[in-house]
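Residues per chain, in single letters:
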Amino acid sequence: MDLPVVAFVCTHNACRSQMAQALAERMMPGVATFLSAGTDPAPHVDAGALEELSRRGVPEEAIAALRPKRLCELPTHVDWLVTMGCGVACPALPCAHREDWGLKDPMGGPREGYEACAEDILGHLAGLRVRMDAMTPGHGGKGDADERA
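In this report, the structure presented in the accompanying data block is examined. (Residues numbered from 1 in each chain as written. Predicted model: local features only at pLDDT ≥ 70, side-chain atom pairs only at ≥ 80, totals over all residues. Heavy atoms only, no water.)

### Quick look at the packing of aromatic side chains
Piece 1. Applying the stated criterion to the full structure yields two aromatic pairs.
Piece 2. Where F8 meets F34, the ring centres are 6.2 Å apart and the plane angle is 15 degrees; that geometry is what we call stacked. Residue F8 is found in strand β1 (residues 5–10), and its partner F34 is found in strand β2 (residues 33–38); the two are separated by 26 residues along the sequence.
Piece 3. We classify F8 as buried; its relative accessible area is 0%.
Piece 4. Residue classification places F34 among the buried residues on the basis of a relative accessible area of 3%.
Piece 5. Both rings, one in F8 and one in W101, keep their centres 5.6 Å apart while their planes meet at 55 degrees; by these two values the pair is tilted. Here F8, found in strand β1, pairs with W101, found in the loop between β4 (95–100) and α4 (111–134); they are 93 residues apart in sequence, far enough to count as distant. When sorted by exposure, F8 lands in the same class as W101, which is buried.
Piece 6. In this structure an aromatic cluster arises from ring pairing among F8, F34 and W101. (Phe/Tyr/Trp six-rings, centres within 6.5 Å; stacked < 30°, edge-to-face > 60°. Helix = DSSP H or I, 4+ residues; strand = E, 2+ residues; numbered from the N terminus. Buried < 20%, exposed > 50% of the residue type's maximum accessible area, 1.4 Å probe, protein only.)

Next comes the structure, spelled out in structure tokens:
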């Protein structure tokens, strides 16, 4: 069975969406394929976001692999589309489930802003995991009904 695809999307794909991707990969290995992209990608990932990921134990090689990407680099359909709260509309990216996390952008601010953003992301990821599990066959969610049909 293929893993579900979760895409974290924001405008610049330089901070929140990158943090969400890296933290999801660390928190939920093997649960899904986690990707990120932006509608208008920045030239590089925000240094404060990279520092916060390092403080959170994300491996150096995972941090080094992060780079801003365009929406067109994502698959043409994702299972979960998560926007970060920057008002990004992604009408050209079909998805089975869509949600917006409404995260405050810490870019360019103090370390505490990045810490708070990372904590918010971790809380949202825990909720996402519950919703994903509920829709997976064998967990009593929508997937069970689809499998019996």
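### Considering the pattern of salt bridges
Piece 1. Taken as a whole, this structure holds eight salt bridges when the rule is applied.
Piece 2. D105 is the salt-bridge partner of R16, the closest N and O atoms lying 3.8 Å from each other. Of this pair, R16 sits in helix α1 (residues 16–27) while D105 sits in the loop between β4 and α4, and the two are 89 residues apart along the sequence.
Piece 3. Under the relative-accessibility criterion, D105 is labelled partly exposed at 40%.
Piece 4. We note a salt bridge from E99 to R131, for which the minimum N-O separation is 2.6 Å. Here the residue E99 occupies a position in strand β4, and R131 occupies one in helix α4, the gap between them amounting to 32 residues.
Piece 5. Assessed through its relative accessible area of 33%, R131 is described here as partly exposed. (Salt bridge = Lys/Arg side-chain N within 4 Å of Asp/Glu carboxyl O.)

### Here we look at the environment of G38
Piece 1. Following the sequence through the fold, G38 ends up in strand β2.
Piece 2. Looking at G38, the relative accessible area reads 1%, which means it is buried.
Piece 3. Separated by 28 residues in the primary sequence, G38 and C10 place their C-alpha atoms 5.0 Å from one another.
Piece 4. Once residues within four sequence positions are removed from consideration, G38 is found in contact with C10, T11, N13, K69, R70 and L71. (Contact = heavy atoms within 4.5 Å.)

### Notes on the pairing of β2
Piece 1. Bridge count between β1 and β2: six bridges; the pairing is parallel. Bridging from a neighbouring strand, V6 pairs with F34 of β2.
Piece 2. Regarding the hand of the β-α-β motif, the stretch spanning β1, α1 and β2 is right-handed. (Pairing = 2+ DSSP bridges. Right-handed = clockwise from strand over helix to strand, strands pointing away.)

### Some points on the nonpolar core
The tendency in soluble globular proteins is for nonpolar side chains to be buried side by side.
Piece 1. The biggest cluster of nonpolar side chains holds 31 residues, and the ones touching the most others in it are V6, F8, M19, W101, I121 and L125.
Piece 2. Residue assignment for this core shows that the elements contributing at least two residues are β1, α1, α2 (47–55), β3 (78–83) and α4.
Piece 3. Broken down by element, the residue count for this core peaks at seven residues, all from α4.
Piece 4. If near-sequence neighbours (up to four positions away) are discounted, L125 is found in contact with F8, A20, L23, A24, M27, M28 and W101. (Core = buried A, V, L, I, M, F, W, Y, C linked by side-chain atoms within 4.5 Å.)

### Considerations on the side chain of E52
Piece 1. Take E52: it is sitting in helix α2.
Piece 2. Taking relative accessible area as the criterion, E52 reaches 2% and is therefore assigned buried.
Piece 3. Residues contacting E52, with those up to four places away along its chain left out, are M19, R111, Y114, E115 and A118.

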